[in-house]
Amino acid sequence: MIKERINPHEIRVLPDGTLLVDFDKIYSGYFSIKVKSSRNICAEIEVKETNANNSIEDKLDSKYFVKSNDKYHIKSNGSFEYCSTLIGSIGLLLLKGIDAAELCEVFVVFSHYPIKLEGNFECSDKTLNKIYQVGKHTVNICRQSIELDSPNHQENLGCIGDYIIESLVSYYCFGDTTLSRFDIIRIAEYMRMNGGKMFHTSYSLMWIYMLYDYYMFSGDREIFATVRDVIDMLLDRFATYLGDNGVIENPPNYMFIDWVPVDRYNLHHPPKALGQAAMTAFYYHALELAQKIYLNIGDIASAEQCSLQARLVKLAFHKNFYDKKKQIYCCGLNTESEVNEWLPQNADNKYFSVHVNTLAALYGLSDDGKRIMQIVMENNNLIKAQPYFMHFVLEALYQCGLFEKYGIKTIKRWQKQVEECDKGMKEAWGDFLGYNYDYSHGWATTPSYQLPSKILGLKILEPGFKKISLNPNLFGLDFANISVPTPFGCIKCNIGKTNLYQIPDEIEVVGL
């Protein structure tokens, strides 16, 4: 791990005597403080994430704070030095019981995973540049000895939906695949111990997505042999969840789809009527990727079985979820289902969401994906998506040839995020009663991957960047300067009135 000293951006004395120690960004790490005094001290140190764009008074308003990482109480007969031992997200410290004249030094020991090569993105739109940089920094602070969803939340190895996004950002911004490899193997071991189960059922399938992305970026074919048994285990388990109707019917739950309240439910752990179609779509794509993996390792029989199962699931998906009247897909059936702590009693309403229809278009479950995505973007009556799921929306827009019309406009929705807090990326849009957001969440950072990848039109044709295609498109921007790390060094592209490319000799390029 890399350790860096970060000094405060500002120290202010508040009216009640509290010292407000403000840092320019949210940092993952530990705070260190040194106080010189001859009196007895009873101090309280509180760690916060904060919004650096608001006034000091606004920062103290609970609206701009997420929960405290910790409160530290220090009693001393005089001078003392202290360094915290628990890693956290530090954007602001509140020091109570310490006079400004007694404070000798205070700083953050910034901890993050080593950066191999650094990518970059800069274009003619300053808002997009800011969104990219905030996302890049946020993923950097999530990259510890394991990937975290957030240094504040710290759901260790449990949030693969976060990690597939963070890994893509890492590949494009830091040129590193090693941390993703570590976590793929560690998560595989976790699933071995639990029979292929994870708390978030959909996330176990997304582990296969993360595995395949890693292979394409790194070229590391050997990893398939290391985790082959877990792929088998997952597919065997999900086959037992299929009903006679051919779609996912009997899972332990339908979590996780997105953090979105719907009626009395939440897409975190929805009932069947809100989660069934999405879970079936996730399963379908896992079958598609597993087929490619089996072919890669020479297991033709397993590949053919995945192909057959995927074809059956596609037919069943359309049959069960396509609404002929609305000409889009519903979120699930209103039939009976089991009920448990994370699976509510099924709803009577028929729901339609951005989520299900995006997945249908993205994964080819619909043969009319472009029309479906146009409805996704134009129909305001659909259940909307939060920043996490917008990763899939942006991928689908590009795949369906609609990025020109909607892509940059959609990414600019993150402008509100970085205006509210440019120290780190806020977890979601808006505020939901009863949920305390953090401002250091990796799953909200997909623009830091989308901007360089989509403007370059970069596709890896042979694993490990041995062969790629580039199809640059500014999508209305005046220029873009992009650097993307690869195993052979950085691809550097200046796109504008004239296009300049620096591409390592080891990479074969088509499309330019």
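For the structure itself, look to the data block above.
Because the structure is predicted, anything quoted here is derived from the model rather than measured.

Novice: Before we go on, may I ask you to explain the overall build of the protein chain in this structure?
Specialist: On a plain count of helices and strands, the protein chain comes out with 14 helices and 19 strands. On C-alpha atoms alone, the protein chain measures out to a radius of gyration of 24 Å, which is about the 24 Å that the 2.2 N^0.38 rule sets for 512 residues. Here the C-alpha coordinates of the protein chain stretch approximately 75 × 55 × 45 Å along the principal axes. Counting only contacts in the protein chain whose residues sit at least 6 apart along the sequence, the fraction spanning at least 24 positions is 71%. Accessible area of the protein chain: about 20800 Å², with a carbon and sulfur share of 48%. Between the mean site of the 52 positive side-chain charges and the mean site of the 61 negative ones, the protein chain shows a separation of 3 Å.

Novice: Honestly, the sheet that holds strand β16 (residues 480-486) in this entry has me stumped. Any pointers?
Specialist: Adjacent strands of a sheet form backbone hydrogen bonds with each other and so pair up, either parallel or antiparallel. One open sheet holds the 4 strands; their spatial order is β9-β16-β17-β18, and the pairing between them is antiparallel. In this open sheet, the two strands that pair with only one neighbour each are β9 (120-123) and β18 (500-502). Going from strand to strand, the sheet's axes swing by 10° on average, the running direction of each strand aside. Here 7 bridges tie β16 to strand β17 (residues 489-495), and the two strands are oriented antiparallel to one another. Within β17, the position partnered with P485 by the bridge is C490.

Novice: Whenever I open this one, the packing of aromatic side chains confuses me. Can you help?
Specialist: To describe a pair of aromatic rings, you give the distance between the ring centres and the angle between the ring planes. Using the criterion set out here, one finds 28 aromatic pairs in the structure. For the ring pair Y172 and Y449, a centre distance of 5.3 Å and an interplane angle of 70° mean the geometry is edge-to-face. In this pair, Y172 sits in helix α3 (residues 160-174) while Y449 sits in helix α14 (residues 447-456), placing the two residues 277 residues apart along the sequence. Exposure class is identical for Y172 and Y449. Each is buried. Measuring from ring centre to ring centre gives 5.1 Å for F317 and Y329, while their planes differ by 40°; the resulting arrangement is tilted. Linking F317 in helix α8 (residues 300-321) with Y329 in strand β13 (residues 328-329), this pair joins segments that are 12 residues apart in sequence. Across the pair, Y329 and F317 agree in class, each one buried. Here the aromatic residues Y203, F256, F282, Y388, F389, F392 and W443 are joined through ring pairs into a cluster of three or more.

Novice: Teacher, can you tell me more about the environment of F107 here?
Specialist: Structurally, F107 can be placed in strand β8 (residues 103-112). For the pair F107 and V139, spaced 32 residues apart in sequence, the C-alpha to C-alpha distance is 21 Å.

Novice: Please clarify how the nonpolar core should be interpreted in this entry.
Specialist: Inside soluble globular proteins, nonpolar side chains tend to come together where they are buried. Formed by 146 residues in total, the largest nonpolar core has its most connected members in I160, W207, F282, F392 and I455. Residue contributions to this core peak at 15 residues, all from helix α7 (residues 272-296). Residues contacting I160, with those up to four places away along its chain left out, are I187, M198, Y203, M206, W207 and M210.

Novice: Mind showing me how you'd approach the sheet that holds strand β19 (residues 508-510) here?
Specialist: Here we have 3 strands laid out as an open sheet, ordered β14-β15-β19, and mixed in their pairing. Taken across any chain shown, the strands that pair with only one partner, and hence form the sheet edges, are β14 (459-462) and β19. Put simply, the sheet's adjacent strands are angled 30° from each other on average, direction ignored.

Novice: Teacher, can you tell me more about the state of the cysteines here?
Specialist: Where two cysteines share a covalent bond between their sulfur atoms, that bond is called a disulfide. What the rule picks out here adds up to 0 disulfides. Considering cysteine sulfurs only, C142 is the nearest to C159, which forms no disulfide, with 10 Å between them.

Novice: How do you make sense of helix α9 (residues 354-362) when you look at a structure like this?
Specialist: Side chains of residues three or four places apart in an α-helix project in the same direction, reflecting 3.6 residues per turn. Most of α9 sits out of view: 9 of its 9 residues are buried. Of the positions making up α9, those classed as buried are V354, H355, V356, N357, T358, L359, A360, A361 and L362. Capping the start of α9 is the job of one residue whose side-chain oxygen sits 3.2 Å from the backbone nitrogen of H355: S353.

Novice: Explain the pattern of salt bridges to me, please; I cannot follow it from the model alone.
Specialist: Opposite charge on two side chains permits pairing when their charged atoms draw close. Scanning all chains against the criterion turns up 24 salt bridges. As a salt-bridge pair, R192 and E189 come within 3.0 Å of each other at their nearest N and O atoms. Here R192 and its partner E189 are both found in helix α4 (residues 178-193), 3 residues apart, which amounts to about one turn of the helix. Linked through salt bridges whose partners overlap, the residues forming this network are R39, D99 and E102.

Novice: Sorry if this is basic, but what is going on with the packing of helix α10 (residues 369-378) against helix α12 (residues 403-411) here?
Specialist: To describe two helices that pack against each other, one gives the angle between their axes and the distance between the axes. Look at α10 against α12: their axes get within 11 Å of each other, and the N-to-C directions meet at 35°. Two packed elements cross with a definite hand, and for α10 against α12 that hand is left-handed. Of the residues in α12, those in contact with Q374, M377 and E378 of α10 are K405, Y406 and T410. Looking at the contact of α10 with α12, its residues break down into 2 nonpolar, 2 polar and 2 charged.

Novice: In this structure, what is going on with α12? I would like to understand it.
Specialist: Regarding α12, the residues found buried are F403, Y406, G407, I408, T410 and I411. Looking at the buried side of α12, the elements it contacts are α2 (126-142), α10, α11 (387-399), α13 (415-420) and α14.

Novice: Just to check I follow, could you spell out a nonpolar patch on the surface for this structure?
Specialist: On the surface, L308, L312 and L315 cluster together into a nonpolar patch covering about 290 Å² of accessible area. Structurally, L308 is set in helix α8. Residue classification places L308 among the partly exposed residues on the basis of a relative accessible area of 38%.

Novice: Can you help me understand unusual backbone geometry in this one?
Specialist: Note: most residues except glycine have negative phi, and most peptide bonds are trans. With an omega of 15°, the peptide bond running from M255 to F256 counts as cis. Structurally, F256 is set in the loop between α6 (223-239) and β10 (261-262). You will see that L157, though not glycine, has its phi angle at about 60°, which is positive. For L157, the location among the structural elements is in the loop between α2 and α3. Of note in this structure, F475 is not a glycine but carries a positive phi near 50°. Inspection of the secondary structure assignment puts F475 in the loop between β15 (467-469) and β16.

Novice: Is there a simple way to think about the side chain of D299 in this case?
Specialist: Its location among the elements puts D299 in the loop between α7 and α8. Within the structure, D299 has its side chain in polar contact with the side chain of S302 (distance 2.8 Å). Apart from the residues lying within four places of it in its own chain, the contact partners of D299 are R228 and Y294.

Rules and cut-offs
Residues numbered from 1 in each chain as written. Predicted model: local features only at pLDDT ≥ 70, side-chain atom pairs only at ≥ 80, totals over all residues. Heavy atoms only, no water. Helix = DSSP H or I, 4+ residues; strand = E, 2+ residues; numbered from the N terminus. Rg over C-alpha atoms; globule rule 2.2 N^0.38 Å. Contact = heavy atoms within 4.5 Å. Areas by Shrake-Rupley, 256 points an atom, 1.4 Å probe, with all protein chains shown as cover. Lys, Arg positive; Asp, Glu negative; His and termini not counted. Charge placed at Lys NZ, Arg CZ, Asp CG, Glu CD. Pairing = 2+ DSSP bridges. Axes fitted to C-alpha atoms, helices over the stretch in contact; angles between N-to-C directions. Phe/Tyr/Trp six-rings, centres within 6.5 Å; stacked < 30°, edge-to-face > 60°. Buried < 20%, exposed > 50% of the residue type's maximum accessible area, 1.4 Å probe, protein only. Core = buried A, V, L, I, M, F, W, Y, C linked by side-chain atoms within 4.5 Å. Disulfide = S-S within 2.5 Å. Polar contact = N/O pair within 3.5 Å; in protein donor to acceptor, adjacent residues only side chain to side chain. Salt bridge = Lys/Arg side-chain N within 4 Å of Asp/Glu carboxyl O. Left-handed = near helix turned anticlockwise from the far one by under 90°. Nonpolar A, V, L, I, M, F, W, Y, C, P; charged D, E, K, R; others polar. Patch = residues over 30% accessible without salt bridge, like charges linked within 9 Å, V, L, I, M, F, W, Y side chains within 5 Å.

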